[in-house]
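Here is how the chains run, residue by residue.
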Amino acid sequence: MWLQPDENLLKNAFKLWVTEEDNEYFVLQRRRGYGEGGGGLTGLLVGTLDTVLDSTSKVAPYRILHHTPDSQVYWTIACGVTKEEIVQHWDWLQQNIMRTLSVFDSSEDITSFVQGKIRGLIAEEGKSSLVQEEDPEKFREALLRFEKWFELPPKEKLVTYYSCSYWRGKVPCQGWLYLSTNFLCFYSYLLGAEVKLIISWDEIWRLEKTSNVILTESIHVLAHGEDHYFSMLMHLNETFVIMEQLADYSIKRLFDKEAFQREPALSDPMQITKRGLEAHAKSEQFRTFFRLPKEENLLEVHESFLWVPFSHFNTLGKICLSENYLCFASQDGSQCHVIIPMREVINVEKSDSSSRALTVCVRGKKALRFAEVRDYQRLANSIRSKCGISASPQHSASSDAIRGACQSLINHFEDNPEDVTLMVGQKDSSKAVSTEALMTVFHPQDVENLDPKMLKEKMKEQSWNIHFSEYGRGTSMFFTRKTRDLIVRGVPEALRGELWMLFSGAVNDMATHPGYYTDLVEQSLGTSTLATDEIERDLHRSLPEHPAFQSDTGISALRRVLTAYAYRNPKIGYCQAMNILTSVLLLYAKEEEAFWLLVAVCERMLPDYFNRRIIGALVDQAVFEDLIRENLPQLVEHMTDLSFFSSVSLSWFLTLFISVLPIESAVNVVDCFFYDGIKAILQLGLAVLDYNMEALISCQDDAEAVTILNKFFDSVTNKDSPLPQTVQQASVSNNDKTSHINVDISELIKEAYEKYGNIRSEEVESSRKRNKLYVIQTLEDTTKQNVIRVVTNEVRFSPSHLDRLYNLFKRQHFLCCYWTMKSPALLHHDPSLAYLEQYQLGFQQFSMLFSLLEPWAFCNPKSTLSLWIFRLIDENQDGLVNFKEFCCALDTLYSGSFTNKLKFLFKLHLPPVCSHAAFIFQHLIYQKMV
């Protein structure tokens, strides 16, 4: 490998190098301890130094130096892992450089020419590489070590590397940690003792930062039932984050079969870089915090002050810019953030350069002033280009006139909202879908009703109107602590749908996809799938006692929304609990709005909840258990097995407490969820357990604890709800509330925020990542046991043999997915299939595995035979075989009777399995099997 010329003053420093060949201008050297003889004690010490120290002159066992006769300075220009590799470079120098050097008069010219030539060669090599690292030279050297020490397939992509200590018991081994796309690797060589560790990311059960008496902080990895600990003086947090990202990437790619089509940086496992992973993590955090669509990526970040008109001061924070949104979040503890869609921006104005400020004008006569922006010129140009605003002098001169025209147009649209529909090209959907929230239809508010509850409702509306006048209304509204305070008190019935749309980000999805829902309804109309069958079965189980779902109006709207979503996202399709959630959404939002709210919940706010394995809900249950241990120690002391809370709380997470609380109370929980996400559900869960602490501690068994919690939920009321009594009783399954004192939902939510509001969303996300590995591996282990139990009845292999075969089969399946996104197993993956079909092999992978296990493994001409067997056992002819089919074929060849073996061979020679007469193998096969 050619290296950037590096000055080396000592040719044989400490006698660490041995000269193999030399001439007037170049020297080829071998590192002591490598090659013939090993180097004795000197070689042993050199090997230790090469592992522990990071020196560019001690990277590879072979190197080439350039020098001139009248100079003591040497330049390292090439290195190699093998002698064959370095000899190729040496020969190239002899053939292409040596003759040219004779024409130069001075040593300086010779050295300058050689250096320029080497740099040119490196530049040519770099043109074909997509890898961009901070220090390409050191990275190339680390790549050589990685390839030499671990001997992984050449396609394996090294992402980054760190110097660290690996702890074996109480003794640390100093070495190097290498993180690649599919593997975590460690290498150490100390005084002749070599330590080599290779763990694939898909085998890790736990990945977390820990501390103990010996180590103040370390990274703990649990794989294959063994604990591994890594510590380092520097970059521990950075290392852990990269490891976490690679493990998560592996899970999504190998277990969830995600293709990352919208993220080019992750779409090819052979081109993954540290920079790409970091950008992906930042974009993901950005989208989660601001509730933005998955298509948005974080492009620019600028620190600035934002003038907050309602507080009359500048708040420090960061401007985050994506393709379609300008967002700001404060950093001074005021918890203020704002989201500005680019479609709302009508102009950008720059102030004088001394203040480095710019003003962003948006619809609704609103302007935001950002000050002390270091690169304000660039930010202003970025916003203008994304909004299509010209910055030319003549445009700037007429900006006031244009803004006036824009404002008059905006005012017109605000007064005539039907024109907006025509303007954006949205289809008239009134004939196909419901345009009113079901609560408006089945429970219209009586404006003349002056009972105390309605007066309280009017007061809430007035509080929100005052809030809107101060903080703005709609997509560019300021989100502050006061917003959360109003949410905790309860959202007015009339504003609930609007605020749900705003807080969830669904308002942006709907605005950028005009006519999309109507098209989906038309396309999905009349389709018949497994999802539509399940939807029809559950339609009348969704809030069955509510008047809205006792009529065709509510049932039809529910059917359309669920069917349209199943058509939009076949990977999820339909999952139980989606019907309950959608029913409540339809009560307070228009049909199209309910659809986009469902999209926001399923695809952003509750990821992986609504699928066959409900992984997301199980992960959040594990997070909930961690929070119980941390916040409710008394309960943990009494109930050491917290799996009870996992089973009882599953419906809390899947339905956001809708299935356990009366409807008038449950909607208050949904209010908090759309504002604070899963954090609100976790807080409320802790508050429920805390409220019932004494009763739960005195329980004798789980059944008694379930009864206590059910009675508690039935006693929860909403004293301020203006809903009629018939609607309030719709969700209450037990009307006997005399055994429990009534609890007001607003007070319960307030208590949850006061006691557990210090739980940070970042900590929840970190805990999600940590627990996801364990949850998925536990599910995988359960899947393996289920598959083995099914296959055991079909074959004669023992369970222990099937366990080993399953591990081999699964490993071969993953190997076909490691270095490509286009393997047959990925392209034909169907998450709705049974667990027996989740792992399958194409012919190439089958042939490789079968050739290692077949009874005649020493037979040379095997490719044709493998093809025939593959065609025979691929019963549905989809080009893939599952574990059961694979085991049945092996079982016949190993344990079948002589007659069954003959039948098996006979079938191999029948069309369409045998496409040509290759009977040359027949006699050989008969001999081996008999």
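Residues numbered from 1 in each chain as written. Predicted model: local features only at pLDDT ≥ 70, side-chain atom pairs only at ≥ 80, totals over all residues. Heavy atoms only, no water.

Per an unreviewed UniProt entry, the protein chain goes by TBC1 domain family member 8B and derives from Etheostoma spectabile. Among the UniProt annotations of the protein chain, the heading Subcellular location (unreviewed entry) holds the following wording: "Cytoplasm, Cytosol". (UniProt positions renumbered as here; feature names shortened; annotations may be inferred.)

S.K.: A description of the pairing of strand E18 (residues 358-362) should follow, citing residues and the corresponding values.
M.R.: Counting buried positions over the five residues of E18 gives five, a clear majority of the element. Bridge analysis of E18 against strand E19 (residues 366-371) gives five bridges, and the strand direction is antiparallel. Bridged to Leu358 within E19 is Phe370. With antiparallel pairing between neighbouring strands as the criterion, E18 and E19 make up a hairpin whose turn holds three residues, including Gly364 at a positive phi of roughly 85 degrees. (Buried < 20%, exposed > 50% of the residue type's maximum accessible area, 1.4 Å probe, protein only. Helix = DSSP H or I, 4+ residues; strand = E, 2+ residues; numbered from the N terminus. Pairing = 2+ DSSP bridges.)

S.K.: Pulling in residues and values, what's your account of the pattern of salt bridges?
M.R.: Per the counting criterion, the structure on display carries 40 salt bridges. Residues Lys274 and Glu238 are paired through a salt bridge, measuring 2.5 Å at the closest nitrogen-oxygen approach. Here Lys274, found in helix H8 (residues 274-290), pairs with Glu238, found in helix H6 (residues 236-255); they are 36 residues apart in sequence, far enough to count as distant. Its relative accessible area of 28% is what places Glu238 among the partly exposed residues. In this structure, Arg484 and Asp676 form a salt bridge, with 2.6 Å as the shortest nitrogen-oxygen distance. With Arg484 in helix H15 (residues 481-489) and Asp676 in helix H26 (residues 663-676), this residue pair connects regions lying 192 residues apart in the sequence. Salt bridges sharing common partners tie together Asp248, Lys252, Glu284, Asp608 and Lys772. (Salt bridge = Lys/Arg side-chain N within 4 Å of Asp/Glu carboxyl O.)

S.K.: Let's hear about empty space enclosed by the protein: which residues, and what values?
M.R.: Taken as a whole and judged by the stated rule, the model has ten cavities of 30 Å³ or more. Here the largest cavity is characterised by a volume of approximately 90 Å³. Lining of the largest cavity is provided by Glu244, Gln245, Asp248, Tyr249, Lys252, Phe260, Leu266, Leu277, His280, Ala281, Glu284 and Lys769. At the level of secondary structure, the elements contributing two or more residues to the lining of the largest cavity comprise H6 and H8. (1 Å grid on protein atoms, 1.4 Å probe; cavity = no way out; pocket = protein on both sides within 12 Å on 5 of 7 lines; lining within 4 Å. Points joined across faces, edges and corners; volume = space filled by probe spheres on them.)

S.K.: Explain the sheet that holds strand E13 (residues 300-308) residue by residue, including any values.
M.R.: Taken in spatial order, the eight strands of this open sheet run E17-E18-E19-E13-E14-E15-E16-E20, and their pairing is antiparallel. For this open sheet the edge positions go to strand E17 (345-350) and strand E20 (478-479), each flanked by a neighbour on one side alone. Along the sheet, H8 contacts strand E14 (313-321), strand E15 (325-330) and strand E16 (337-341); its crossing angle with E15, the most-contacted strand, is approximately 80 degrees. (Contact = heavy atoms within 4.5 Å. Axes fitted to C-alpha atoms, helices over the stretch in contact; angles between N-to-C directions.)

S.K.: Provide a residue-level description of a negative patch on the surface, including the pertinent values.
M.R.: Negative charge collects at one region of the surface, where Asp70, Asp105, Glu108 and Asp109 lie side by side. Tracing the chain through its elements places Glu108 in helix H4 (residues 107-127). (Patch = residues over 30% accessible without salt bridge, like charges linked within 9 Å, V, L, I, M, F, W, Y side chains within 5 Å. Areas by Shrake-Rupley, 256 points an atom, 1.4 Å probe, with all protein chains shown as cover. Lys, Arg positive; Asp, Glu negative; His and termini not counted. Charge placed at Lys NZ, Arg CZ, Asp CG, Glu CD.)

S.K.: How would you summarise unusual backbone geometry if you had to cite specific residues and measurements?
M.R.: Even without being glycine, Glu151 reaches a positive phi, approximately 50 degrees. As for its position among the elements, Glu151 is in the loop between helix H5 (136-150) and strand E6 (158-168). The exposed category is assigned to Glu151, whose relative accessible area is 66%. With phi around 55 degrees, His224 is a residue other than glycine that occupies positive phi space. Within the secondary structure layout, His224 lies in the loop between strand E11 (218-223) and strand E12 (226-231).

S.K.: Now, about the pairing of strand E5 (residues 74-80): what can you tell me, with residues and values included?
M.R.: Counting buried positions along E5 yields six of seven residues, so the element is predominantly enclosed. Sheet topology places strand E4 (residues 62-66) next to E5; five bridges connect them, and they run antiparallel. Opposite His66, over in E5, you have Trp75 as the bridge partner.

S.K.: Help me get a handle on the environment of Ser180, residues and values and all.
M.R.: Positionally, Ser180 belongs in strand E7 (residues 171-180). For Ser180, a relative accessible area of 0% translates into the label buried. Considering only alpha carbons, one finds Ser180 and Glu156, 24 residues apart in sequence, at a separation of 7.0 Å. Apart from residues lying up to four places away in sequence, Ser180 is in contact with Phe146, Glu156, Lys157, Leu158, Val159, Trp201 and Leu246.

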